[in-house]
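Here's the letter readout for the chains.
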Amino acid sequence: MRRVRVLEAATQLLMGLWVGAAAGFALGAPKIFAAFGPDRQSAGDLAGDIIYLLNNVGLLLGAAALLTLLPRLRSGVNKARLVLLLGCLGLALTTWLYIFPQMERAQPPEPVQTYAETDPVRVEYNRWHKMSERVYGAAMVLGAGVIVLGPFAEQKGGWR
């Protein structure tokens, strides 16, 4: 039973760090843009660097959480948590392998705000930016689900 509790504590900690960092960034991003004032390009560059770092750290935290969850799949709740966690990891991998490269490819040579709203260059970049926000938000929701369901996971047996 003690091993189960240690593994659960580790799962909760790892997922809490991942979701908490993501939520912290989502809440703090407007402050980054406010601090840079009219220099939205520099603010966007900094925010992009932070998102890239958070995504990579999230992949590591998620992989570690997966290792703490796998030994406890006897519980139906933990099986559901596994599906949610795999969804988080899948979204983070999609971001890393597909969305980030597409955003980089769509990045215009001049600051994006210098293009008209209807300019195809700006429209394309904004499309990928919106996609990244949606995927980021979905990963946060799935990760929060892993955390919220934790207390409902059955804890059967001793040191299994």
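Here the structure is a predicted model, which means the values were calculated and not measured.

Peer 1: Even after reading the chapter, I still don't get the nonpolar core, so can you show me in this structure?
Peer 2: Nonpolar side chains tend toward joint burial in soluble globular proteins. Met-15, Trp-18, Ala-65, Leu-66, Leu-85, Leu-89 and Val-146 are the most contacted members of the largest nonpolar core, which has 15 residues in total. Looking at this core, the elements with two or more residues in it are α1 (2-36), α2 (40-69) and α3 (76-106). Take this core: its biggest share by element is six residues, from α3. If sequence neighbours within four positions are ignored, Leu-85 has contacts with Met-15, Trp-18, Gly-62, Ala-65, Leu-66, Leu-69 and Val-146.

Peer 1: Can you help me understand the environment of Leu-84 in this one?
Peer 2: Inspection of the secondary structure assignment puts Leu-84 in helix α3. When the C-alpha atoms of Leu-84 and Leu-66 are compared, they prove to be 11 Å apart, with 18 residues separating the residues in sequence. Other than its neighbours up to four places away in sequence, Leu-84 contacts Leu-142, Gly-145, Val-146 and Leu-149.

Peer 1: What exactly am I supposed to notice about helix α4 (residues 120-149) here?
Peer 2: Because an α-helix packs 3.6 residues into every turn, residues spaced three or four apart end up facing the same way. Taking 1.5 Å as the rise per residue, α4 with 30 residues should run 44 Å; its terminal C-alpha atoms sit 44 Å apart, in good agreement. Looking at α4, one finds that the buried residues are Arg-122, Tyr-125, Trp-128, Ser-132, Val-135, Tyr-136, Ala-139, Gly-143, Gly-145 and Val-146. Summarising the contacts, the buried residues of α4 are in contact with α1, α2 and α3. By the N-cap criterion, in which a side-chain oxygen at the helix start approaches the backbone nitrogen of a residue two or three places on, α4 is capped by Asp-119, the distance to Val-121 being 2.8 Å.

Peer 1: Would you mind going over the pattern of salt bridges with me for this structure?
Peer 2: If the charged atoms of two oppositely charged side chains come close together, the side chains can form a pair. Following the criterion strictly, the structure yields six salt bridges and no others. Among the ionic pairs, Arg-72 bridges to Glu-8, the shortest N-O distance being 2.6 Å. Highlighted residues: Arg-72 in the loop between α2 and α3 and Glu-8 in helix α1, separated in sequence by 64 residues. Of the residues examined, Glu-8 reaches a relative accessible area of 9% and is grouped as buried. The shortest N-O distance in the salt bridge between Glu-124 and Arg-127 comes to 3.4 Å. A residue pair is termed a helical-turn pair when its members lie 3 or 4 positions apart in one helix, as Glu-124 and Arg-127 do in helix α4 at three residues.

Peer 1: Looking at this structure, I do not really get the side chain of Ser-132. What am I missing?
Peer 2: Structurally, the position occupied by Ser-132 is in helix α4. Other than its neighbours up to four places away in sequence, Ser-132 contacts Ile-99 and Met-103.

Rules of the game
Residues numbered from 1 in each chain as written. Predicted model: local features only at pLDDT ≥ 70, side-chain atom pairs only at ≥ 80, totals over all residues. Heavy atoms only, no water. Core = buried A, V, L, I, M, F, W, Y, C linked by side-chain atoms within 4.5 Å. Buried < 20%, exposed > 50% of the residue type's maximum accessible area, 1.4 Å probe, protein only. Helix = DSSP H or I, 4+ residues; strand = E, 2+ residues; numbered from the N terminus. Contact = heavy atoms within 4.5 Å. Expected span 1.5 Å × (residues − 1). Polar contact = N/O pair within 3.5 Å; in protein donor to acceptor, adjacent residues only side chain to side chain. Salt bridge = Lys/Arg side-chain N within 4 Å of Asp/Glu carboxyl O.

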